Amino acid sequence: MHIVVCIKQVPDSAQIRVHPVTNTIMRQGVPAIVNPYDLFALEEALRLKDRFGGRVTVLCMGPPQAEDSLRKCVSFGADDAILVTDRAFAGADTLATSYALASAIRQIGREQAVDLVFTGKQTVDGDTAQVGPGIAKRLGLQLLTYVSRIVELDMDAKKIVIERRAEGGVQVLRTAVPCLITMLENTNELRFASMPSMINAARVPIRRWNKDDAGIEDIEKIGLKGSPTVVSKVFGPTPRTEKAEMLAVEESSLRDVSLNLIQRLFTRHPGLEQQLLERSDA
Amino acid sequence: MNQATVKRPAGRGGRNLELPEHLKRYKGVWVFIEHDRGHVHQVSWELMGAARQLADTLGAEVAGVLMGGPDEPLETFAQEAFGYGADLCYVTRAPVLAGYRNEPFTRGLTELVNTYQPEIMLLGATTMGRDLAGSVATTLQTGLTADCTELNIDPTSRALAATRPTFGGSLLCTIMTLAYRPQMATVRPRVMPMPKKDATRSGRIIEGTLDLAESEIVTKLLDFIPDASSNKINLAYADIIVSGGKGMKKPENFELIWNLARVLGAEVGATRPVVQAGWVEAERQVGQTGKTVRPKLYIAAGISGAIQHRVGMEGADAIVAINSDPNAPIFDFAHYGIVGNAMTVLPALTEAFRAHLAARSAGGVVAA
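These figures come from a predicted structure and were not determined experimentally.

**Focus: the sheet that holds strand E14 (residues 240-244) of chain B**
Working step 1: Pairing is parallel in the open sheet, where six strands are placed in the order E15(A)-E18(B)-E17(B)-E16(B)-E14(B)-E15(B). Taken across any chain shown, the strands that pair with only one partner, and hence form the sheet edges, are strand E15 (245-248) of chain A together with strand E15 (267-270) of chain B. Sheet twist, expressed as the average angle between the axes of neighbouring strands with direction ignored, equals 20 degrees.
Working step 2: Sheet topology places E14 of chain B next to strand E16 (residues 297-301) of chain B; five bridges connect them, and they run parallel. Directly across from Gly244 of chain B, in E16 of chain B, lies its bridge partner Ala301 of chain B.
Working step 3: Packed on one face of the sheet, helix H6 (residues 254-268) of chain A meets E15 of chain A together with E16, strand E17 (318-323) and strand E18 (336-339) of chain B and runs near 160 degrees to E15 of chain A.

Printed below as a string of structure tokens:
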């Protein structure tokens, strides 16, 4: 079995700060990480490899530094890592990105047929959740988004049964392999990278593909040119001018602070108190 | 036309930013109306309100798109859509459209777009809407902007100016699709206000068909397991939310959050690190990568107020923050702040709310 896992290297958004005066984002020193959602996809792929044997190839489009993220994935147990990197990809939106990644996956498939493609449910920097569906559509693969569990995989019959998160419940779907799965978060727990595998990962060559290696056929469809969306303006959020009313704990007992808060809150928001009282009457 | 005076959005790389002639006849604003087991998702009506404003600016019509199985009450949904501002509804019924699946819905919606040619199409940023929007936009090779927080018409280009948070919410960007149609966007539940319903409004229904047999569809829906009502989490539409962050120190301390939530009949929310640590379910995550909420009261305990959390909850009417760090960013946008240890403040607050509500509903007046 051959599984391709698409990952993205992203800035650790938990550590991004906005400059309080200039209202611009401070990128210096913000570490780059593997998009956390992609790790659930990687782990699921590695589990299938544990059960069925085969190979896991990790694929990433990004700048040369993204090699670090691919190496990280190898340390967890991926067999092969490909970085699709070319200036021609710069400025790609989700449509152009899905075109480039789909081309690369087709190219990977020429070396060894691909049975499953995994992605995370979304990235933490773009947050669009559009690239997975885009790749599936371009490759003509069945699309399974927000998958919470792989119930059954029969590689002889080429059938897969999964559960996916839907609004208000879980859908159980059966489809044909190959297909593309976007994995929901907290569905598995990422394994530890052992010391030998980390040492191995440091040595494994990360393959670098430019646009030709990735089999890009139409250069009008990649990068800025292949992106229908245009960013017309970037700006900082309007800071809130009113400051919080602070209630200091050290000045009084916790009970007094609590009662003080409740009184201020319900004086300003009488509807809220009314609603709570109606609820307790019911 | 004097090109020099036309203000163009920043663009590089010799891209064509002009709308080709054949796409200029795309007219009207569409809302994909999401429904499941007899109910329309409220986000569809929120979008209808936004679509009405966009269409009025453009002097165009608003259309609702309803797709479903033979037994579903799509005409009833259409009447509701008219009440919320739609001028017409496209209603497509087919056995393969009973229960959402990507393939038949993508096919149905794509065909409808190609036939009736809308200039703007809005979908809810739900598990269904995002699944469908990404597939349809790729099939149509057009632009799609996810999770918009503001939708306007750019006065110069008459294009949809879709604003969304970026970099985990630290910045906002406005995105336009200039040379492609339709212009697609998704919006999360609770971001747009619910429009007022006018039950006297009516509209036209245009029936459509989908020529697709079950045997042609690869993916089969085997079962739908509804969430048990006891653990149904409806964070986005909750009136009161008590949320905890990593400042709660350990998962057992979340019981204090639950205790206060029970007294207030509130939902429990959490930050991304808490969800990532597995303390609570992912559906409880508030923020840029979680849910957007708009409660009347939001109590944040042990939450520092990282921008990624802030963008998901700053629309709350009242925000109470409890944090031991007086310099925590949450105090910059909370309405009430308590500097203190959440582990001792929460029980005191829980008891105070309980006593206050008990006394007030007994008809008494509580002295503060």
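Having seen the model, we can carry on.
**Topic: helix H3 (residues 94-111) of chain A**
One turn of an α-helix holds 3.6 residues; hence residues three or four places apart share an orientation.
Residue and element names in this part refer to chain A.
Working step 1: The end-to-end C-alpha distance of H3 is 26 Å, a good match for the 26 Å that 18 residues give at a rise of 1.5 Å each.
Working step 2: Among the 18 residues that make up H3, 13 are buried, leaving the element largely enclosed by the rest of the structure.
Working step 3: The backbone nitrogen of Leu95 lies 3.1 Å from a side-chain oxygen of the residue at the head of H3, namely Asp93.

**Digging into the domain arrangement of chain A**
Working step 1: What the domain assignment reports for chain A is domain 1 (2-221) and domain 2 (243-282).
Working step 2: Computed from C-alpha coordinates alone, the two centres of domain 1 of chain A and domain 2 of chain A are separated by 47 Å.

**Looking at the packing of aromatic side chains**
Residues and elements named next belong to chain B.
Working step 1: Under the criterion given, the structure shown has seven aromatic pairs over all chains.
Working step 2: Arranged with centres 4.5 Å apart and planes meeting at 35 degrees, the rings of Tyr90 and Tyr116 form a pair that is tilted. In this pair, Tyr90 sits in strand E5 (residues 88-93) while Tyr116 sits in helix H3 (residues 102-116), placing the two residues 26 residues apart along the sequence.
Working step 3: Among the aromatic residues, those joined into a cluster by ring pairs are Trp30, Tyr90 and Tyr116.

**What to know about helix H4 (residues 127-140) of chain B**
Residues and elements named next belong to chain B.
Working step 1: Relative to the 20 Å expected for 14 residues at 1.5 Å per residue, H4 spans 20 Å between its end C-alpha atoms, a close match to the ideal helical length.
Working step 2: By the criterion of burial, H4 is predominantly enclosed, with 13 of the 14 residues buried.
Working step 3: Gln141 lies just past H4 and shows a positive phi near 55 degrees.

**Concerning the domain arrangement of chain B**
Residues and elements named next belong to chain B.
Working step 1: Looking at the assigned domains, one finds that chain B contains domain 1 (19-216) and domain 2 (229-361).
Working step 2: Each of domain 1 and domain 2 has a C-alpha centre, and these two points are 33 Å apart.
Working step 3: Each partner contributes to the interface: domain 1 provides twelve residues, whereas domain 2 provides 13 residues.
Working step 4: Contact between domain 1 and domain 2 buries roughly 1,100 Å² in total, counting both sides, with carbon and sulfur atoms accounting for 45%.
Working step 5: Among the residues of domain 1 in contact with domain 2, Gly168, Arg188 and Arg190 are the three that bury the most area, contributing 59% of the side total.
Working step 6: Across the contact surface, domain 1 and domain 2 share zero salt bridges.
Working step 7: Our count for the domain 1 to domain 2 interface comes out at eight residue pairs in polar contact (both at pLDDT 80 or more).
Working step 8: If you tally residues by element for the side of domain 1 that touches domain 2, the top one is helix H1 (residues 42-58), at three residues.

Quick notes on the rules
Residues numbered from 1 in each chain as written. Chains lettered and ligands numbered in written order. Predicted model: local features only at pLDDT ≥ 70, side-chain atom pairs only at ≥ 80, totals over all residues. Heavy atoms only, no water. Pairing = 2+ DSSP bridges. Helix = DSSP H or I, 4+ residues; strand = E, 2+ residues; numbered from the N terminus. Axes fitted to C-alpha atoms, helices over the stretch in contact; angles between N-to-C directions. Contact = heavy atoms within 4.5 Å. Expected span 1.5 Å × (residues − 1). Buried < 20%, exposed > 50% of the residue type's maximum accessible area, 1.4 Å probe, protein only. Polar contact = N/O pair within 3.5 Å; in protein donor to acceptor, adjacent residues only side chain to side chain. Domains from an automatic or database assignment. Phe/Tyr/Trp six-rings, centres within 6.5 Å; stacked < 30°, edge-to-face > 60°. Buried area = accessible area lost by both parts, 1.4 Å probe. Salt bridge = Lys/Arg side-chain N within 4 Å of Asp/Glu carboxyl O.

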